[in-house]
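Overview (structure and organization)
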Amino acid sequence: MKRLFHGSLTKWLTNLIRNPRYRWFVIFGSLLYLISPLDISPDAIPIIGWIDDGLLATIVVTELAQIATEKRRKSNSQSAQNVEQPTDVIDVESVAVG
């Protein structure tokens, strides 16, 4: 039961974050939570209070890196399509020296 709940919760959260419609809401909501003085576990409790902040910071950094990677791949594929292939071919023979 625990594994089923954990797996379905993880899958739901991953699908929510990867959905372009909700991705920015999740990122901005996470940043707002990090800035907010209200926490699920107060930061006054050492280590336990920092876990939720650390997890959310990890989610935000991961998602921003994913967005940057997707944009870079998209721009690289567009620029590769715009580059014309050379029509002339030059054959070169190599010669051993020495």
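Quantities reported herein were computed from a predicted structural model and do not represent experimental measurements.

On to the overall build of the protein. Counting secondary structure elements, the protein contains three helices and zero strands. Along the protein, from the amino end to the carboxyl end, the secondary structure elements read α-α-α. Long-range contacts, defined as pairs at least 24 residues apart, comprise 41% of the intrachain contacts of the protein with a sequence gap of at least 6. In the structure as shown, the protein presents an accessible area of about 8900 Å², 65% of it carried by carbon and sulfur atoms.

Let us now look at the side chain of Asp52. On the secondary structure map, Asp52 appears in helix α3 (residues 48-82). Filtering out sequence-adjacent residues up to four positions away, Asp52 remains in contact with Tyr33, Asp39, Ile40 and Ser41.

This part covers the confidence of the model for the protein. The pLDDT averaged across the protein works out to 80; a share of 86% of its residues lies at or above 70. Averaged pLDDT values for the elements of the protein fall to 72 in helix α1 (residues 2-18) and rise to 86 in helix α2 (residues 20-35).

Across all of its chains, the model carries two salt bridges by this definition. Note that Arg23 and Glu63 form a salt bridge whose closest N and O atoms lie 3.3 Å from each other. With Arg23 in helix α2 and Glu63 in helix α3, this residue pair connects regions lying 40 residues apart in the sequence. In this structure, Arg23 and Glu70 form a salt bridge, with 3.2 Å as the shortest nitrogen-oxygen distance.

Another point: a nonpolar patch on the surface. Where nonpolar side chains cluster on the molecular surface, the patch consists of Trp24, Phe28, Leu31 and Leu64 and spans about 380 Å² of accessible area. Among the elements that line the nonpolar patch, the one with the most residues is α2, at three residues. Here Leu64 is to be found in helix α3. Given the relative accessible area of 38%, Leu64 is considered partly exposed.

Thresholds applied
Residues numbered from 1 in each chain as written. Predicted model: local features only at pLDDT ≥ 70, side-chain atom pairs only at ≥ 80, totals over all residues. Heavy atoms only, no water. Helix = DSSP H or I, 4+ residues; strand = E, 2+ residues; numbered from the N terminus. Contact = heavy atoms within 4.5 Å. Areas by Shrake-Rupley, 256 points an atom, 1.4 Å probe, with all protein chains shown as cover. pLDDT = per-residue confidence, 0-100. Salt bridge = Lys/Arg side-chain N within 4 Å of Asp/Glu carboxyl O. Patch = residues over 30% accessible without salt bridge, like charges linked within 9 Å, V, L, I, M, F, W, Y side chains within 5 Å. Buried < 20%, exposed > 50% of the residue type's maximum accessible area, 1.4 Å probe, protein only.

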